[in-house]
Amino acid sequence: MKLEQEIDKRRTFAIISHPDAGKTTLTEKLLLFGGAIQTAGAVKSNKITKTAASDFMEIEKQRGISVATSVMSFEYKGTRVNLLDTPGHKDFAEDTYRTLTAVDSVILVIDCVKGVEEQTEKLMEVCRMRNTPVIVFINKMDREGSNPFDLLDEIEQKLKIKVRPLSWPINIGAQFKGVYNLYDKSLNLFSANKTKISADVVAISDLGEDALDDLVGKKDADQLRDDVELIGGVYDTFKPDIYLEGHLAPVFFGSAVNNFGVKELLETFIRIAPHPIARNTDTRLVKPDEEDFSGFIFKIHANLDPKHRDRIAFLRICSGKFERNKFFTHVRLGKEIRFSNPYSFLAQDKSVVEEAFPGDVVGLYDTGNFKIGDTLTEGEKLMYKGIPSFSPELFKEVINSDPMKSKQLEKGIEQLSDEGVAQLFRINPGNRKIIGTVGELQFEVIQYRLLNEYGAACKFQPLNFYKACWITSDDEKVLADFIQFKTSNIAYDKDNNPVFFAESSWILDTSIEKYPKLKFHFTSEFKMEAAV
Ligand code: G4P
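In this text the structure is predicted, and so the values were computed from the model without any measurement.

Chemist: I would appreciate a short explanation of the pairing of strand β26 (residues 432–437) in the present structure.
Modeler: Note on strand geometry: in a regular strand, side chains alternate between the two faces of the sheet. Most of β26 sits out of view: five of its six residues are buried. As paired strands, strand β24 (residues 394–400) and β26 are joined by four bridges and run antiparallel to one another. Its bridge partner lying in β26, F395 is registered against G436. For strand β25 (residues 423–427) and β26, the ladder comprises five bridges, and the chain directions are antiparallel. Bridge assignment links I427 to a residue of β26, and that residue is R432. A loop of four residues connects β25 with β26, the two strands running antiparallel in sequence, and G430 in this loop sits at a positive phi of about 90°.

Next comes the structure, spelled out in structure tokens:
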């Protein structure tokens, strides 16, 4: 098959949601439809159970499972679907943000009872940063949720994206009767059934037909007629181009646990979702159909067995063909590397892959060569853009508990921050180390891993900062003056970029106001912008 055809048949995406909205359930149902698994419950997702909230070892064990389910690939009607899994636990949100840099589109799951939740908003912000196309799946329609029009308003308002329903529910909760597919004008009748994967679909080309009243009852049939008329008046017709630009989200309704609405979602997804497209690097735009291979590392997973220090680096292929045992250039190190055992993932099975194409993800055994964001090419010196660090929200100073092991501690912290477990900053006086994370759990994981993998014991001293943001200015003097004036609030990241640690939102806001010539960045992406 030609490279263009390989690209054309691939859809690489992630499912995102606030915990509990149904991401795991939907993932499993998609795999069932895709034939990648045979029975429900076969996929151990990397969902972290709530009871484990304080037991980080258990959490790491559960996270270990996620290597196998990091990428789930299956073929559906001639399309190769690569589904990248994301951690459900909010403390690992940064993992999810990075995974979003490796996909071409997302499916966002919303619980119809709870509506748009906190994590949904954050995830959507990340999608908006890179105009990732989004399809919305409103789940749990078998429960007493909000009115669908209100839900759509809430999505538009809170997620700042225009929506266009492509299916419409007939009633909700105990009275839920099914969905009307606005795209191909068919009626999909609901029956609560967790094992059946086919649905009763009836073509209804004209909503005026009496058959509709017979199927769902006169009251609901009339309501559907009114709703559909209103949809036509309120929402623009669906335009795939605007969806692909990331400005319009088509919406589906269903019930994942009952296999309802999932097939329509999958079929529309493969029809409209983007195949791999051109990506930006620090030097130029790289098209997927370029002959030369290129790709980047978006995730590194450590082996938790202390006897095996090896890690798995996840490579997203962006252009050309990846081949086993071929030498590629590790751009940051200026080193030629080849991979004798690259893995591809098919449901739960890992298997050695001979070749892979744009959109695919392969797992590479790594003995410490990779950092998140590293680029591999066939020699060209370019680095993929858009693997940012996000401004962390919790900060603690690292206190060495064993002065004899300070080297080990130093090395361990460096490596864990390369892996993306946390961000490391240094602050003066004394070059003290500050670790920033998005969740409390990450501190426990770091402490445990430092001790078990590096033999280094440490304690954490909580610091009362509200936010850390990178600062730059076109006027070097303004930057230098600010750094001098705020000395005790200035730290440096791994690449020695200055970072402002603000104690409160008020201090941050007034600083932004007071220093108009300074730029405050909430992700590290500005580094790449500056490099162009
Ligand atoms: P997550 O990965 O987004 O965190 O959510 P997950 O799929 O685990 O779903 C969270 C809960 O919601 C699960 O129930 C799941 O069965 C349920 N659920 C998913 N889809 C639907 C749906 O369409 N309708 C209804 N009524 N429930 C749904 P649980 O009790 O937490 O777990 P379980 O014991 O059922 O697995």
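Chemist: Looking at this model, I keep getting lost on the site of the ligand. Mind explaining?
Modeler: Inspection of the region around the ligand gives 17 residues, with D20, T24, T25, D142 and S255 positioned closest. One of the backbone N or O atoms of A256 is found 3.2 Å from an oxygen atom in the ligand. With three residues, helix α2 (residues 23–33) is the single largest residue contributor to the shell around the ligand. Among the residues making up the shell around the ligand, the classes are represented as four nonpolar, seven polar and six charged.

Chemist: Please explain the environment of F260 as it appears in this structure.
Modeler: When you line up the elements, F260 lands in the loop between β11 (248–253) and α10 (262–272). Accessibility expressed as a relative area gives 2% for F260, which makes it buried. Distance from F260 to G178, taken between C-alpha atoms, is 8.3 Å for residues 82 residues apart in sequence. Apart from residues lying up to four places away in sequence, F260 is in contact with F137, F176, G178, V179, N188, L189, F190, G254 and S255.

Chemist: Looking at this structure, I do not really get the sheet that holds β26. What am I missing?
Modeler: Taken together, the eight strands give an open sheet; going across it, the order is β27-β24-β26-β25-β29-β30-β28-β31, and neighbouring strands pair in antiparallel fashion. Each end of this open sheet is capped by a strand with a single partner; those strands are β27 (458–463) and β31 (518–521). Each adjacent strand pair in this sheet contributes to an overall mean axis angle of 40°, direction not counted. When strand β29 (residues 490–492) meets strand β30 (residues 498–502), the two strands line up antiparallel, connected through three bridges. Bridge pairing in β30 places A491 opposite V499. Here helix α12 (residues 440–454) sits on the sheet in contact with β24, β26 and β27, set at roughly 160° to β27.

Chemist: How should I be thinking about the packing of aromatic side chains in this particular structure?
Modeler: Between two aromatic rings, the relevant description is the distance of the centres plus the angle of the planes. A complete count under the given rule lists 24 aromatic pairs for this structure. The interplanar angle of 45° and the centroid separation of 4.3 Å between the aromatic rings of F13 and F269 together place this pair among those described as tilted. Residue F13 is located in strand β1 (residues 10–17), and its partner F269 is located in helix α10; the two are separated by 256 residues in the primary sequence. Assigned by exposure class, F13 and F269 land together as buried. Ring plane angle 70° and centroid distance 5.0 Å describe the contact between F465 and F501, whose orientation is recorded as edge-to-face. Placement of F465 in the loop between β27 and β28 (467–473) and of F501 in strand β30 is noted, with a sequence separation of 36 residues between them. An aromatic cluster is present here, built from F293, F322, F328, F339 and F370 joined pairwise through their rings. Positioned above the aromatic ring of F443, the side-chain terminus of K396 is 4.6 Å from the ring centre.

Chemist: Got a minute to help me understand the pattern of salt bridges in this structure?
Modeler: The tally for this structure, following the rule as stated, stands at 36 salt bridges. Here D360 and R10 are joined by a salt bridge, their closest N and O atoms 2.7 Å apart. Here D360, found in the loop between β21 (355–356) and β22 (361–366), pairs with R10, found in strand β1; they are 350 residues apart in sequence, far enough to count as distant. We note a salt bridge from K477 to D481, for which the minimum N-O separation is 2.8 Å.

Chemist: When you look at the side chain of T437 in this model, what are you seeing that I'm missing?
Modeler: Following the sequence through the fold, T437 ends up in strand β26. Those residues in contact with T437, other than ones at most four positions away along the chain, are P392, E393, L394, A422, Q442, F443 and I446.

Chemist: When you look at the side chain of D213 in this model, what are you seeing that I'm missing?
Modeler: You can see D213 is positioned in helix α7 (residues 210–216). Each residue touching D213, except ones within four places of it in the same chain, is listed here: K218, A221 and R225.

Chemist: Quick question: what am I supposed to make of the sheet that holds strand β4 (residues 105–111) here?
Modeler: Two pairing modes exist for strands in a sheet, parallel and antiparallel, and in both the strands are linked by backbone hydrogen bonds. Spatially, seven strands are ordered β2-β3-β1-β4-β5-β11-β6 in an open sheet, and the strand pairing comes out mixed. Across the chains shown, the open sheet's two edge strands, defined by having one partner strand only, are β2 (71–76) and β6 (162–165). Ignoring which end each strand starts from, the neighbouring axes of this sheet average 30° apart. Running over the sheet, α2 touches β1, β2, β3 (79–84), β4 and β5 (134–139) and is turned about 155° from β1.

Chemist: Explanation requested: helix α8 (residues 218–234) in the structure shown.
Modeler: Count 3.6 residues to each turn of an α-helix, and residues three or four apart come out pointing the same way. Across its 17 residues, α8 extends 24 Å between first and last C-alpha, which sits within 8% of the 24 Å expected from 1.5 Å per residue. Within α8, the full set of buried residues consists of D220, A221, L224, R225, D227, V228 and I231. Viewed end-on, α8 has its buried residues packed into an arc of 170°, placing them on one side of the element. More than 90 degrees from the buried face of α8, the exposed residues found are K218, K219, E229 and G233. Tucked into the core, α8 has its buried residues touching α6 (148–159), β6, β7 (167–170), β8 (178–181) and α7.

Chemist: I would appreciate a short explanation of the confidence of the model for the protein chain in the present structure.
Modeler: Fine structural detail should not be taken from predicted coordinates in areas where pLDDT scores are low. Per-residue pLDDT for the protein chain has a mean of 86; in total, 87% of the residues score no lower than 70. Contacts from residues 48–56, a stretch scored under 50 in pLDDT, to residues over four places away or in other chains number 17 contacts. Within the model, the stretch residues 528–532 combines pLDDT values under 50 with six contacts to residues more than four positions away or in other chains.

Chemist: Please clarify how unusual backbone geometry should be interpreted in this entry.
Modeler: Trans peptide bonds make up the majority, and among non-glycine residues the majority have a negative phi. For K77, which is not a glycine, the phi torsion comes out positive at approximately 45°. Inspection of the secondary structure assignment puts K77 in the loop between β2 and β3. Classification of K77 as exposed rests on a relative accessible area of 62%. You will see that K160, though not glycine, has its phi angle at about 50°, which is positive. Looking at where K160 falls in the secondary structure, it is placed in the loop between α6 and β6.

Chemist: What am I meant to see in the nonpolar core here?
Modeler: Soluble globular proteins tend to bury their nonpolar side chains together. Counting 63 residues, the largest nonpolar core has L100, V136, I138, L152 and I155 as its most contacted members. Two domains share this core, each providing at least three of its residues, namely domain 1 (2–272) and domain 2 (279–377). For I155, the residues in contact, after removing those within four places along its chain, are I110, V116, V136, I138, K160, I161 and V163.

Thresholds applied
- Residues numbered from 1 in each chain as written.
- Predicted model: local features only at pLDDT ≥ 70, side-chain atom pairs only at ≥ 80, totals over all residues.
- Heavy atoms only, no water.
- Buried < 20%, exposed > 50% of the residue type's maximum accessible area, 1.4 Å probe, protein only.
- Helix = DSSP H or I, 4+ residues; strand = E, 2+ residues; numbered from the N terminus.
- Pairing = 2+ DSSP bridges.
- Near = heavy atom within 4 Å.
- Polar contact = N/O pair within 3.5 Å; in protein donor to acceptor, adjacent residues only side chain to side chain.
- Nonpolar A, V, L, I, M, F, W, Y, C, P; charged D, E, K, R; others polar.
- Contact = heavy atoms within 4.5 Å.
- Axes fitted to C-alpha atoms, helices over the stretch in contact; angles between N-to-C directions.
- Phe/Tyr/Trp six-rings, centres within 6.5 Å; stacked < 30°, edge-to-face > 60°.
- Lys NZ or Arg CZ within 6 Å of the ring centre and 35° of its normal.
- Salt bridge = Lys/Arg side-chain N within 4 Å of Asp/Glu carboxyl O.
- Expected span 1.5 Å × (residues − 1).
- Arc of directions from axis to C-beta.
- pLDDT = per-residue confidence, 0-100.
- Core = buried A, V, L, I, M, F, W, Y, C linked by side-chain atoms within 4.5 Å.
- Domains from an automatic or database assignment.

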